[in-house]
Amino acid sequence: MARRLRFIGTNSGNDGCPTLYEDLDTGDVLVQGDAVTDPDEVAQLRNIKDGEGFVVVPRVLLADFAPREVDRVPVMIDFDEFGGMFRTFEHTAWRLETRRRYQSDEETETYRRFARGEDAGWDLDDPWCVSRREQSALGKRFERVRVVDNPSTPGQRYLLDNARRNSAVGEDIRNLWRGDAERLKLPEEDFWLFDSRVIARLHFDDADRMTGVELVTDPVEVARACQVRDAAWHHAVPYDKFRDQVSSAE
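First, a word on what this report is: a plain description of the structure on this page.

### Considering the overall build of the chain
- The number of helices and strands found in the chain is 10 helices and 13 strands.
- For the chain, the C-alpha radius of gyration of 23 Å lies well beyond 18 Å, the compact-globule estimate for 250 residues.
- Considered along the principal axes of its C-alpha atoms, the chain spans approximately 75 × 35 × 35 Å.
- Counting only residues that meet the buried cut, the chain has 38% of its 250 residues in that class.
- Across the chain, the fraction of contacts at a sequence separation of at least 24, relative to all contacts at a separation of at least 6, is 65%.
- As displayed, the chain offers around 15000 Å² of accessible surface, 49% of which is attributable to carbon and sulfur atoms.
- Where the 36 positive side-chain charges of the chain centre and where its 50 negative ones centre are 4 Å apart.

### A look at the layout of surface pockets
- Roughly 870 Å³ of internal volume is contained in the largest pocket.
- Along the wall of the largest pocket there are 31 residues; nearest its centre are Ser-104, Asp-105, Trp-128, Arg-144 and Arg-165.
- Taken together, the elements giving at least two residues each to the lining of the largest pocket come down to helix H3 (79-88), strand E7 (92-97), helix H4 (103-106), helix H6 (127-137), strand E8 (141-148), helix H7 (154-168) and strand E11 (198-204).
- For the lining of the largest pocket, the per-class residue count stands at 12 nonpolar, eight polar and 11 charged.
- Put simply, the second largest pocket is a space of about 440 Å³.
- Lining the second largest pocket we find 15 residues, and of these Asn-47, Glu-81, Met-85, Thr-88 and Arg-197 sit closest to its centre.
- Top element by residues in the lining of the second largest pocket is H3. It accounts for four residues.
- Counted by class, the lining of the second largest pocket contains six nonpolar, four polar and five charged residues.

### Some words on the sheet that holds strand E3 (residues 29-32)
- Judged by pairing direction, the sheet is antiparallel, and its three strands sit side by side in the order E1-E2-E3 without closing on themselves. One side of each edge strand has no neighbouring strand; the edge strands of this open sheet are strand E1 (5-10) and E3. The mean angle between the axes of side-by-side strands here comes to 25°, regardless of whether they run parallel or antiparallel.
- Strand direction decides the pairing type here: strand E2 (residues 19-23) and E3, joined by four bridges, are antiparallel. Residue pairing for E3: Tyr-21 is matched across the bridge by Leu-30.

### Describing the environment of Ser-152
- Tracing the chain through its elements places Ser-152 in the loop between E8 and H7.
- Residues Ser-152 and Arg-178 lie 26 residues apart in sequence; the distance between their C-alpha atoms is 9.7 Å.
- If we skip the residues at most four places from it in the chain, Ser-152 touches Arg-157, Val-246 and Glu-250.

### As for the nonpolar core
- The biggest cluster of nonpolar side chains holds 19 residues, and the ones touching the most others in it are Val-145 and Phe-191.
- Counting residues per element, the ones that place at least two in this core are E7, E8, strand E10 (190-194) and helix H9 (219-235).
- The dominant element in this core, judged by the number of residues it contributes, is H9, at six residues.
- In contact with Val-145, not counting residues within four places along its chain, are Trp-94, Arg-95, Leu-96, Glu-97, Arg-174, Leu-176, Ala-232, Trp-233 and Ala-236.

### Focus: H6
- Within H6 the residues assigned to the buried category are Cys-129, Ser-131, Arg-132 and Gln-135. Along H6, the residues classed as buried sweep out an arc of 160° about the axis, all on the same side. Seen from the buried face of H6, the exposed residues on the opposite side, beyond 90 degrees, are Pro-127 and Ala-137.

Definitions and cut-offs
- Residues numbered from 1 in each chain as written.
- Predicted model: local features only at pLDDT ≥ 70, side-chain atom pairs only at ≥ 80, totals over all residues.
- Heavy atoms only, no water.
- Helix = DSSP H or I, 4+ residues; strand = E, 2+ residues; numbered from the N terminus.
- Rg over C-alpha atoms; globule rule 2.2 N^0.38 Å.
- Buried < 20%, exposed > 50% of the residue type's maximum accessible area, 1.4 Å probe, protein only.
- Contact = heavy atoms within 4.5 Å.
- Areas by Shrake-Rupley, 256 points an atom, 1.4 Å probe, with all protein chains shown as cover.
- Lys, Arg positive; Asp, Glu negative; His and termini not counted.
- Charge placed at Lys NZ, Arg CZ, Asp CG, Glu CD.
- 1 Å grid on protein atoms, 1.4 Å probe; cavity = no way out; pocket = protein on both sides within 12 Å on 5 of 7 lines; lining within 4 Å.
- Points joined across faces, edges and corners; volume = space filled by probe spheres on them.
- Nonpolar A, V, L, I, M, F, W, Y, C, P; charged D, E, K, R; others polar.
- Pairing = 2+ DSSP bridges.
- Axes fitted to C-alpha atoms, helices over the stretch in contact; angles between N-to-C directions.
- Core = buried A, V, L, I, M, F, W, Y, C linked by side-chain atoms within 4.5 Å.
- Arc of directions from axis to C-beta.

None of this, on its own, says anything about what the molecule does.
Structure, rendered in structure tokens:
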């Protein structure tokens with residue numbers, strides 16, 4: 001079905017370019033401008049998909065005619081697309097973990113072994129570990145801050161043991177007491193922050209099972225997430241030292 005377009009405006013006189021249009025059904029904005037075709041210029045652009053094209057428009061056109069207000073609709077992605085983000089990010093993937101338990105952990109054999117007081121039996125050659133090592137070898141950083149209660153929950157103690165595996169394949173894991181997280185006014189939500197530009201906010205149900213992933217690119221929210229990361233990372237303790245704190249507290 002063809003889009004229904006409304007002319008928004010142009011500052012090009014009568015030559016027809018550049019111009020903005022609005023999709024009457026979706027609110028999306030279409031941009032008309034001079035095509036970018038120089039291979040050296042195209043090579044500088046990121047994350048190009050098949051069929052995408054690029055145009056150049058004067059900054060004043062956007063300043064004069066681009067919509068200022070927007071009703072943001074949550075952008076949800078499936079778990080396959082979310083998994084792909086751990087291969088396509090460019091330099092940093094940072095996670096804040098705030099929950100007291102994760103249902104997905106409790107369904108694993110490693111959790112069952114740990115709960116019985118046995119060695120969890122981490123497999124450093126499973127596909128997840130192989131992928132982490134490959135991405136880390138490219139110079140990419142994986143970092144996490146895990147919030148822990150006092151006393152800690154079984155799930156949090158399991159993740160403290162899990163940090164041995166994650167660290168062995170390239171992640172930097174740190175922990176923070178919940179009281180310190182509250183003092184720092186850190187949010188209670190779980191999220192990943194990729195390349196300091198996009199948030200993957202994780203949604204959970206009442207049974208602590210992850211139900212969806214929401215992408216957030218609003219610059220204000222991304223800037224706030226960067227502030228959260230900086231505060232949490234500054235105060236968090238490397239997992240091996242934090243493990244001693246947990247043992248002393250219990």
